[in-house]
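The residues making up each chain are set out below.
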Amino acid sequence: MIPKKTSSLIFYVNGQKIVDENVNPEWTLLTYLRNKLRLTGSKLGCGEGGCGACTVMLSRFDRDTKKIVNFAVNACLTPICSVHGSAVITVEGIGNVANGLHPVQERIAKSHGSQCGFCTPGIVMSMYTLMRNNSLPSMHEVEVAFQGNLCRCTGYRPILEGYKTLTKEGAAGGCCGKLQNGGCCMQNGTKENGTCTNGGDAEEEYGLFNPNTFKKYDPSTEFIFPPELQLTSDYDDQYLVFNGERVTWYRPTSLGQLLELKAKYPYAKIVVGNTEIGVEVKFKNCLYPVIIQPTRVPELVDVKLESKGVRFGSAVTLSDMETVLREQIATQPEYKTRVFSAIVEMLRWFAGKQIRNVAAIGGNIMTGSPISDLNPLFMAAGCELELKSKDDHRVVTMDDTFFTGYRKNICKSEEILQSILIPYLKEDEYFWGFKQAKRRDDDIAIVNAGMFVRFEVETNTIQKISLAFGGMAPTTVMARTTQSSLVKRQWNQHIVQEAAKTLIEDLPLDPSAPGGMIEFRRSLTLSFFFKFYMIVQEKLNQRLSYVKPLPSNFKSAIQVYHRGVPKSSQISQIVPSGQPDHDLVGKPIPHMSGMKQATGEAIYVDDMPKFENELYLALVFSSRAHAKLISVDATEALQQEGVVDFISAKDIPKERNKMGAIIHDEEIFASKTVTCIGQPIGAILAHDQATAQRASKMVKAEYQDIKPLIITIQDAIKHNSFYQDWIRNIKNGNIEKGFSESDHILEGDMHLGGQEHFYLETQATIALPKLEDGETEIFCSTQNPTEIQLLTAEALGVPANRIVVRTKRMGGGFGGKETRSMMLAIPVALAANKLKRPVRCMFDRDEDMGCSGTRHPFFCRFKVGVKNDGRVMALKMTLYNNGGNSLDLSCSVMERALFSADNAYNIPNVDFTGYVCKTNLPSNTAFRGFGGPQGMMFTENVFDQIADKLNIDPIQLREINMYKEGDETHYNQPLEYCTIPRCWSECKANSEFAKRRQEVDAFNAENRWKKRGISLIPTKFGIAFTALFLNQAGALVMVYRDGSVLISHGGTEMGQGLHTKMIQVASRAMRISSDKIHIMETSTDKVPNTSPTAASAGSDLNGMAVLNACNQIMERLEPYITAKPKGRWEDWVTAAYFDRVGLSVAGFYKTPGIGFDFKAKLGKPFNYFCFGAACAEVEIDCLTGDHEVRRCDIVMDVGESINPAIDIGQIEGGYMQGYGLYTLEELRYSPQGHLLTKGPGMYKLPGFGDIPEEFNVSLLRGAPNAKAVFSSKAVGEPPLFLAAAAFYGIKDAIKSARKEQSITGPFRLDSPATAERIRMACIDQFTEKFPTPASNTFKPWSVTV
Ligand SMILES: Cc1cc2nc3c(=O)[nH]c(=O)nc-3n(C[C@H](O)[C@H](O)[C@H](O)COP(=O)(O)OP(=O)(O)OC[C@H]3O[C@@H](n4cnc5c(N)ncnc54)[C@H](O)[C@@H]3O)c2cc1C
Ligand code: FES
Ligand code: FES
């Protein structure tokens, strides 16, 4: 009997029992925690299992093993009904600031592993779960635990360093990393008493934290598993049903019940991990009215060892499967478990730990994704599947007849997959699997494969071969022709070329196929087969004397990827002895909010409690890129229960329906025409988020397309579509004369892709209408509260003094919240005022990515003249950036690109022109570096090409042309205190460049299919807003009667540690300890007319304003200090108060002596410059395009650092963001302008596994900067470009690969240097088989914008 009455959901959260009689089966655990239990520590970063911000620990009692099992899960994908009978631990449950932090919370905070903090709770919970399972893990286990967590700020190194202290390696006395040469004191024989000589007192020397102050980890103090769940099996034995309004959830406890349900509801979905279904429901708007959870059905969770192999129930999780397979590998003869080894290796790269802990084998098979990682292996191995329905039972072999179409298979709707048998192999059978993805960790495959071969006994004659490929068709496919043509053939090098011919026939791919990368995917199939050939050849050679060994230079091509324990060092100044304790300037103190961020107590906009009567807003976006908006009809949406209103352009007077950064060229809601996909055309207001979002998709818009559709820079050039008033040019010297004096002229071009900000916290706003005098209070995650204030006031038709914008903190900004926050904040404020109710919205990740713009893609054409000796005489560059459908900041971004395009070189004659392309993409915007990383990249490309053309050493070429003290830039600004040569030579020395260049060359000579490259790149970055008026800041310092000090300043905290630095500045200026100083938030009613926190100028400008205010306070207190010099601060404040002295002071600062007039080409745009250099060594796999950064050394001039820990954090985080920009992150748009890469699943940012294996950062010493507060320098943006060293390291490695084919000379490598670009640039016999078809012969899946 199928039960009808709804069951009670019972589970524990942080030790507390939760009983819910009326649970909504559509809710996830995250929704439940955040909205119902108000536990907002777990964050929503993506909702699709890709970022780990929502990680919590789930515990269950396993009645078979009688053990408690703890595992990390993504709460955003965990259906709430699935946690019945489990215990959940969230970040709030393990520690808090008042009662003490848990060691995993304390260590991440104190080791500077939390910047904006939005990722921190998730990382804490991944680590916590690991520690609960293993109180002394290895670093490798830590890295595996973090495969599913992303951080956009820190660059990961500090997190790993902090947690290393809890690992075996840490316990064994890891390297302190404090020696100036980056080595280890233990290597020098100075190890004393078994410990590192520098260890133990890190803060006193160069270290950034002191591990001796950390609380010890004591497993005995952990939460106990709720005894009730252990003692009774009642919760496990219940046949559950949860009835919701649209969905019913069943949890049967026997196979019979399951099959009965499936017979009654043939289209019911069987959900185990929900990692496929959850994503479909959330992002594809799918509704599955009946869900069956089979995890209590014994036949589906059993594992049986049988004579033929191991049988896994289909609901066995991937983690459990891995455990069993590993046990088998350890206990069975090697040959028997060759399939198992391939599966285990594949699982290393399958999603993250949180997903593998819950996702089931059956879910992977039955979803039938063409890029499933397991299906090619199961098919090649010929696994047996057991299918069952109420009336039938059958066993089928998994081959290419199993899948019948895209995500379809032979199972009947009433059938379920009961089990899979994975076979043992025999001695003459070999097996391996392959996967190439954009990123190694936690990424879906571009192409994958499973390959099996059986030889006639004791020979190398092929008896059977199975080759299954994913990513090459709508289903996993087998290479039938190749398989049959190879039977009876000898396994030798001839089969590689022959198989290549038939594989091309077996695996055709239309040039328009979804996923694109056609030639790359096709090349990969041949590369994989070649690798399989080599793997098997090597094994055969060990068994059969007549089989030739592989050439020694081929062997590295088949080595399994292995990464050593990451190493690092951080070198910075130490404060002078005698600096008072209260004076924090120069000390590596942790981020002031770090502890709260680690405990989940730090509040972000969407963590704020709900206001009474609050509504949720969901924007309705245009689905056409360029069209007339004929009509917008919200009738159906408005009929939905819970929907309150729809607002659109009709609700705003025409003259107020506008916004924009520099000019107001955007509509708040499109009225007549849409100019990009993702443009807001209205908004739905409803009681809750789910209703609002569902209804927003029901709003119908009618469009009439308008031509031309301009998506790419090339389209814009063709149609002359530029923001004509904003074309910029900088000239210096005489370009024609320069060319005529040159011995060589080179011309070329390069494209540099855009970059998604991927701040972990998406755009978010809450607006509270005050119902009086037009006042509105806005809580907004923005870098630019004043702009939000002014634009909202304009939209509402009230003066700015009625609007208060508050920003407590952001979960990352990176420029993406400098202007684009307006897209959400203004509609939210308009709706709140129209409906006179509080309104909230936090974008979902796909909405945020789809509408809020990115870093600008750039294209550059260059012509350069150079002398025989390498002196660059003239450089002409024309730059184009893709501005999108409004100007936003695109012109300023272009200006900075032009200012930065000299990078570190003194080129006597230049002519740089910049065009902002007007296209039908969402408006592109500021992003850390603001055009600088693009301008510099193009110049480095020119240098790279010159070195190749002239066959000159690239290092020497750069040195010949490098700036030195007193040189003038191309806009005639003299370089004072120019430390480029120092940074360069220190980096060259620290990295042992010359020696390693030789080592790299030696490696390349000995390895055909793996190549290494090394490069050294300098940088210079001008500090100031190029818009003069923005170079000002205000601060308000208030001293209260109890002596406590409240500071407000114009800067916003987005993780960069600005508030921490401001407190450090104030501690020195007022000579008081930091515990007396507090910064609450940034608010437009405390400091007016603030500039955005951008251009790396936050500390410079606000630091000076804070200093100015503090100095005024000190002047006012001076008489009382003089009168009572031995008194306490509190006494002086009290005395001043009773003397009626004002203790609230406004500080102000404007940067003196700057300003550049573009028309007259006169003036000084920058206050000063930051300099740096980086060396990166990279290894590439020529056959797949995979790469790794083996080592990176950075030397950066940050003046006298106010906080070396924060500054090093900015350098490392900036480097990793730049690394993403130049090597990994790729935005893909359809030819119609649709963003195809809208979440962490499709868009890959660097993860933990992408940091350089060795990462050394050193702050240049003895380089004070007279132009900024306490001799410091800005640090946010300047280091980002240094990641170009990785790009040019890759290019250097590619050059070695090309040399093997006798291809030399300059070649174009666009950025990012993705696996696709690397592979296709390593031209060889495989890639040559796939020439690129002419562009007019097909419609591509995606275009380069
Ligand atoms: C962040 C992320 C990363 C991922 N990375 C990878 C990756 O690297 N490689 C990869 O291949 N996949 C990946 N996936 C996809 C997914 O995790 C796997 O396919 C997983 O194995 C699905 O299992 P599940 O239990 O979560 O499926 P569910 O979502 O619970 O179910 C999936 C489907 O299978 C059906 N089904 C499940 N069991 C049965 C059964 N016994 N009988 C009949 N039908 C059944 C369900 O009805 C449903 O339609 C990723 C997913 C996410 C969210
Ligand atoms: S929010 Fe759950 S993984 Fe991103
Ligand atoms: S600190 Fe990790 S995302 Fe900001």
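Note that the structure is predicted; figures quoted are calculated from it, not measured.

Of all eight residues in helix 3 (residues 103-110), seven are buried, a share of seventy percent or more. Looking at the buried residues of helix 3, the elements they touch are helix 2 (91-94), helix 4 (120-133), helix 6 (157-164) and helix 21 (594-599). Note on helix 3: the residue one or two positions beyond its end, histidine 112, has a positive phi of about 70 degrees.

What follows deals with the pattern of salt bridges. Throughout the structure, instances matching the rule amount to 89 salt bridges. Ionic pairing is found between arginine 246 and glutamate 26, a salt bridge with its closest N-O pair at 2.8 Å. With arginine 246 in the loop between strand 6 (240-243) and strand 7 (248-251) and glutamate 26 in the loop between strand 2 (16-20) and helix 1 (29-36), the pair connects residues that are 220 residues apart, well separated along the chain. Measuring nitrogen to oxygen at the nearest pair gives 2.4 Å for the salt bridge that ties aspartate 400 to arginine 480. With aspartate 400 in the loop between strand 13 (393-397) and strand 14 (403-405) and arginine 480 in helix 18 (residues 480-486), this residue pair connects regions lying 80 residues apart in the sequence. Residues participating in the shared-partner salt-bridge network are Lys567, Glu992, Lys995, Arg996, Glu999, Glu1177, Arg1190, Arg1191, Asp1193 and Glu1254.

Before going further, it helps to spend a moment on the nonpolar core. Core analysis: the biggest nonpolar cluster contains 357 residues, and Met321 and Trp491 have the highest contact counts within it. A total of 13 residues in this core trace back to one element, the largest contributor, which is helix 20 (residues 518-543). With near-sequence residues (within four places) excluded, methionine 321 lies in contact with Phe312, Val316, Ile343, Leu347, Ile361, Leu374 and Ile422. Ile1077, Val1106, Ile1121 and Tyr1149 belong to the second-largest nonpolar core, a separate cluster that totals 42 residues.

A few words now on the site of ligand 1. Around ligand 1, the surrounding shell holds 31 residues, and the nearest of these are Ile270, Thr275, Glu276, Asp373 and Leu417. Between an oxygen atom of ligand 1 and a side-chain N or O atom of lysine 435, the distance comes to 3.3 Å. Breaking the shell around ligand 1 down by element, the ones donating at least two residues are strand 8 (269-270), helix 16 (361-367) and strand 16 (416-423).

Bringing the sheet that holds strand 17 (residues 429-437) into the picture now. Here four strands make up an open sheet; going across it, the order is 17-18-19-20 and the pairing antiparallel. Edge positions in the sheet fall to strand 17 and strand 20 (477-478), since each has one partner strand and no second. By the bridge criterion, eight bridges tie strand 18 (residues 445-455) to strand 19 (residues 462-470) in an arrangement that is antiparallel. Counterpart to glycine 450 in the pairing with strand 19 is alanine 468. Where helix 20 meets the sheet, its contacts fall on strand 17, strand 18 and strand 19, and the angle it forms with strand 18 comes to roughly 35 degrees.

The subject of this paragraph is the sheet that holds strand 3 (residues 55-62). The strands making up a sheet associate through backbone hydrogen bonding, with each pair oriented either parallel or antiparallel. Taken in spatial order, the five strands make up an open sheet running 2-1-5-3-4, and their pairing is mixed. Every other strand in the sheet has two partners, leaving strand 2 and strand 4 (67-74) as the edge strands with one partner each. Pairwise comparison of adjacent strand axes, ignoring direction, gives a mean angle of 30 degrees for this sheet. As judged from the three bridges shared by strand 3 and strand 5 (residues 87-89), these two strands associate in the antiparallel manner. Its bridge partner being in strand 5, leucine 58 is matched across the sheet by valine 88. The strands touched by helix 4 are strand 3, strand 4 and strand 5; relative to strand 3, the strand with the most contacts, the crossing angle is about 25 degrees.

Residues with a pLDDT of 70 or more make up 97% of the chain, whose mean pLDDT is 95. Long-range and interchain partners of residues 175-206, a stretch whose pLDDT sits below 50, account for 56 contacts in this model, where long-range means more than four residues apart.

Here the focus is the packing of aromatic side chains. Scanning all chains against the criterion turns up 44 aromatic pairs. Seen in terms of ring centroids, phenylalanine 434 and phenylalanine 528 are 5.3 Å apart; in terms of plane orientation they differ by 15 degrees. Their pairing is stacked. Taken together, the residues span a long stretch of sequence, with phenylalanine 434 in strand 17 and phenylalanine 528 in helix 20 at a distance of 94 residues. Judged by its relative accessible area of 1%, phenylalanine 528 falls in the buried class. Among the aromatic side chains, those forming a connected cluster through ring pairs are Tyr430, Phe455, Trp491, Phe529, Phe530, Phe532, Tyr533, Phe554, Trp1009 and Phe1326.

Looking at the element boundaries, aspartate 948 is found in helix 30 (residues 932-950). Ignoring anything within four residues of it in the chain, the contact list for aspartate 948 reads Lys1295, Gly1305 and Pro1306.

With their axes 7 Å apart at the nearest point, helix 29 (residues 890-900) and helix 30 run at an angle of 35 degrees to one another. The way helix 29 lies across helix 30 gives a crossing that is right-handed. Mapping the contact onto sequence places Arg896, Ala897 and Ser900 in helix 29 and Gly932, Gly935 and Met936 in helix 30. Each residue belonging to the contact of helix 29 with helix 30 can be placed in one class, and the counts come to two nonpolar, three polar and one charged.

In terms of burial, helix 29 is a largely internal element, eleven of the eleven residues being buried. Within helix 29 the residues assigned to the buried category are Ser890, Cys891, Ser892, Val893, Met894, Glu895, Arg896, Ala897, Leu898, Phe899 and Ser900.

Below, the discussion takes up the environment of leucine 830. Tracing the chain through its elements places leucine 830 in helix 27 (residues 822-835). The exposure class assigned to leucine 830 is buried, which follows from its relative accessible area of 10%. For the pair leucine 830 and isoleucine 788, spaced 42 residues apart in sequence, the C-alpha to C-alpha distance is 12 Å. If sequence neighbours within four positions are ignored, leucine 830 has contacts with Ile652, Ile668, Phe669, Ala795 and Leu796.

Of note, the amide linkage connecting lysine 707 to proline 708 takes the cis form, showing an omega dihedral of -5 degrees. With respect to the element layout, proline 708 can be found in the loop between strand 27 (700-705) and helix 24 (713-719). The omega torsion across serine 1311 and proline 1312 is 5 degrees, close enough to zero to call that bond cis. With respect to the secondary-structure elements, proline 1312 resides in the loop between helix 38 (1284-1300) and helix 39 (1315-1321). Although it is not a glycine, lysine 836 adopts a positive phi angle of roughly 55 degrees. For lysine 836, the position within the fold is in the loop between helix 27 and strand 33 (839-842). Lysine 836 gets classed as exposed once you look at its relative accessible area, which sits at 55%.

By the secondary structure assignment, aspartate 911 is in strand 36 (residues 909-918). Residue class for aspartate 911 comes out buried when judged on its relative accessible area of 6%. Taking C-alpha positions, aspartate 911 is 65 Å from glutamate 334, a pair spaced 577 residues apart along the chain. Those residues in contact with aspartate 911 that sit more than four places away from it in its chain are Asn729, Ile730, Lys731, Ile735, Leu875, Lys876 and Met877.

Here we take up the side chain of serine 1083. With respect to the helices and strands, the residue serine 1083 is situated in strand 41 (residues 1082-1083). Look at serine 1083 and you get buried, because its relative accessible area is 3%. A distance of 3.3 Å separates a polar atom in the side chain of serine 1083 from a polar atom in the side chain of arginine 806.

On to the pairing of strand 42 (residues 1144-1150). Successive side chains on a regular strand alternate, one facing one side of the sheet and the next facing the other. Burial along strand 42 is one-sided: Val1145, Gly1147 and Tyr1149 are buried, while Ser1144, Ala1146, Phe1148 and Lys1150, pointing the other way, are not. Where strand 38 (residues 1032-1039) lies against strand 42, seven bridges are found, and the strand directions are antiparallel. Directly across from methionine 1038, in strand 42, lies its bridge partner serine 1144.

Here the focus is the packing of helix 37 (residues 1204-1224) against helix 38. At a minimum axis distance of 8 Å, the contact between helix 37 and helix 38 shows a crossing angle of 40 degrees. In terms of orientation, helix 37 lies oblique with respect to helix 38. Of helix 38, the residues touching helix 37 (which contributes Tyr1215, Tyr1219, Tyr1222 and Thr1223) are Ala1284, Ala1286, Phe1287 and Ile1290. For the contact of helix 37 with helix 38, the residue count by class is seven nonpolar, one polar and no charged.

How each quantity is defined
Residues numbered from 1 in each chain as written. Chains lettered and ligands numbered in written order. Predicted model: local features only at pLDDT ≥ 70, side-chain atom pairs only at ≥ 80, totals over all residues. Heavy atoms only, no water. Buried < 20%, exposed > 50% of the residue type's maximum accessible area, 1.4 Å probe, protein only. Helix = DSSP H or I, 4+ residues; strand = E, 2+ residues; numbered from the N terminus. Contact = heavy atoms within 4.5 Å. Salt bridge = Lys/Arg side-chain N within 4 Å of Asp/Glu carboxyl O. Core = buried A, V, L, I, M, F, W, Y, C linked by side-chain atoms within 4.5 Å. Near = heavy atom within 4 Å. Polar contact = N/O pair within 3.5 Å; in protein donor to acceptor, adjacent residues only side chain to side chain. Pairing = 2+ DSSP bridges. Axes fitted to C-alpha atoms, helices over the stretch in contact; angles between N-to-C directions. pLDDT = per-residue confidence, 0-100. Phe/Tyr/Trp six-rings, centres within 6.5 Å; stacked < 30°, edge-to-face > 60°. Left-handed = near helix turned anticlockwise from the far one by under 90°. Nonpolar A, V, L, I, M, F, W, Y, C, P; charged D, E, K, R; others polar. Parallel < 35°, antiparallel > 145°, perpendicular 65-115°, else oblique.

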